[in-house]
Amino acid sequence: MKYKLSIFIKTICLFSFLFLLFSCASRKEIVYYQNIDSMAAQQNANSYEVKIQPDDLLMIIVSAEDPEIAIPFNLSTITTPNNSNLQLATGQHTIQSYLVDRDGNIEFPVLGKLHLGGLTRTEVLNTLKKKIEVYIKNPIINIRIMNFKISLQGEVNIPGTYTVTSERVTLIEALSMAKDLTIYGRRDNILIIREIDGVKSYNRVDITKSDFISSPFYYLTQNDVVYIEPNRTKVNASAVGPNTSVIISAISILISLSVLIFK
């Protein structure tokens, strides 16, 4: 009887050990920027600018010392009701935006069709300023992408689509918006889906190695999709069951009962 009890307990202990062994994650799989101390300082981090893409909504406002002469270069504002009861609605003013078409063009007042696709914000400013200076001395031009957004999916705490107001966001900032990866997310194989000029690319990033800071995917562009793949623990748990603590507790109770029964 004692021999059978010993074999039974050893079998359960072995199972428990193997279960915990395959559930453990190493430091290399979890910690970010593991070799950052060996990297040189980045000198050009602030020079990054997103490029205008088809389907971007651009807010472009032209100002001048004399407001009257800038009026022809601005789209009119519209009043939208902010209450379902139109008689009580006070309304709010909305600045109309320019939709970049699939060829990268917009129709601009006075200037006509302008090709902005593929240009950075600075390049667009310089282009507009050069053209508008023919009509206005020292024009002031403000440009903003109104629909800059990114999507985070998979093993993040709060997946979803996030609107970015700064027009420049890093991968780490995006993950922070989603409250970081879960403990089950793979840090070494993050997928970034990016579309440029109608062509989608699929790119892998390892944030456990700090060299990704120098990659083209450290900064995200508008409409990027970031997917966090589950690690092997989460994949295995999908077959065994996610309630690891419940399983361990059940095994402990089983061992205790066995000791009492075979005692």
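Residues numbered from 1 in each chain as written. Predicted model: local features only at pLDDT ≥ 70, side-chain atom pairs only at ≥ 80, totals over all residues. Heavy atoms only, no water.

Draft legend 1. Expanded view of the overall build of the chain. The secondary structure content of the chain amounts to seven helices and 14 strands. By the burial criterion, 32% of the 263 residues in the chain qualify as buried. Of the contacts formed within the chain by residues at least 6 apart in sequence, a portion of 63% connects residues at least 24 apart. Surface summary for the chain: the accessible area is close to 16,500 Å², and the carbon and sulfur share equals 58%. (Helix = DSSP H or I, 4+ residues; strand = E, 2+ residues; numbered from the N terminus. Buried < 20%, exposed > 50% of the residue type's maximum accessible area, 1.4 Å probe, protein only. Contact = heavy atoms within 4.5 Å. Areas by Shrake-Rupley, 256 points an atom, 1.4 Å probe, with all protein chains shown as cover.)

Draft legend 2. A negative patch on the surface, seen in detail. There is a patch of like negative charges on the surface, built from Asp55, Asp101, Asp103 and Glu107. Structurally, the position occupied by Asp55 is in the loop between α2 (27–30) and β1 (57–63). (Patch = residues over 30% accessible without salt bridge, like charges linked within 9 Å, V, L, I, M, F, W, Y side chains within 5 Å. Salt bridge = Lys/Arg side-chain N within 4 Å of Asp/Glu carboxyl O. Lys, Arg positive; Asp, Glu negative; His and termini not counted. Charge placed at Lys NZ, Arg CZ, Asp CG, Glu CD.)

Draft legend 3. Representation of the pattern of salt bridges in the model. Within this structure, the stated rule accounts for eight salt bridges. Between Arg194 and Asp224 there is a salt bridge, and its shortest N-O distance comes to 2.7 Å. In this pair, Arg194 sits in strand β11 (residues 190–196) while Asp224 sits in the loop between β13 (219–220) and β14 (225–228), placing the two residues 30 residues apart along the sequence. When sorted by exposure, Arg194 lands in the same class as Asp224, which is buried. The salt bridge involving Glu195 is made with Lys200; its shortest N-O contact spans 3.3 Å.

Draft legend 4. Fine view of the sheet that holds β14. Spatially, β9-β8-β14-β11-β12 is the arrangement adopted by the five strands of the open sheet, whose pairing is mixed. Edge positions in the sheet fall to β9 (160–163) and β12 (199–205), since each has one partner strand and no second. Along the sheet, successive strands turn relative to each other by an average axial angle of 20°, direction set aside. Where strand β8 (residues 149–154) lies against β9, four bridges are found, and the strand directions are antiparallel. Note that in β9 the partner of Ile150 across the bridge is Tyr162. (Pairing = 2+ DSSP bridges. Axes fitted to C-alpha atoms, helices over the stretch in contact; angles between N-to-C directions.)

Draft legend 5. Representation of unusual backbone geometry within the structure. Positive phi, close to 75°, is recorded for Asp55, a residue that is not glycine. We note that Glu167 has phi near 65°; this positive angle belongs to a residue other than glycine. Within the element layout of this structure, Glu167 appears in the loop between β9 and β10 (169–170).

Draft legend 6. Main features of the sheet that holds β1. Spatially, three strands are ordered β4-β1-β7 in an open sheet, and the strand pairing comes out antiparallel. Either end of the sheet is taken by a strand with one partner, and the two such strands are β4 (98–99) and β7 (140–145). Sheet topology note: the β1/β4 ladder contains two bridges and is antiparallel. The partner of Leu57 across the bridge, within β4, is Leu99. Sheet contacts for helix α4 (residues 121–132): β1 and β7; angle to β7, the most-contacted strand, approximately 145°.

Draft legend 7. Focus on the nonpolar core. Grouped together as the largest cluster of nonpolar side chains are 47 residues, with contacts concentrated most on Ile60, Phe108, Ile150, Leu152, Leu171, Leu175 and Ile207. Those residues in contact with Ile60, other than ones at most four positions away along the chain, are Asn74, Tyr98, Ile106, Phe108, Leu128, Ile141, Asn142 and Ile143. (Core = buried A, V, L, I, M, F, W, Y, C linked by side-chain atoms within 4.5 Å.)

Draft legend 8. Geometry of the environment of Val226. Examined against the element boundaries, Val226 turns out to sit in strand β14. A residue is classified by how much of its surface remains accessible, and Val226, at 1% relative accessible area, is buried. Counting along the chain gives 51 residues from Val226 to Leu175, while the straight-line C-alpha distance between them is 8.9 Å. Dropping the residues within four chain positions of it, Val226 is found in contact with Ser151, Leu152, Gln153, Leu171, Ile190, Leu191, Ile192 and Leu220.

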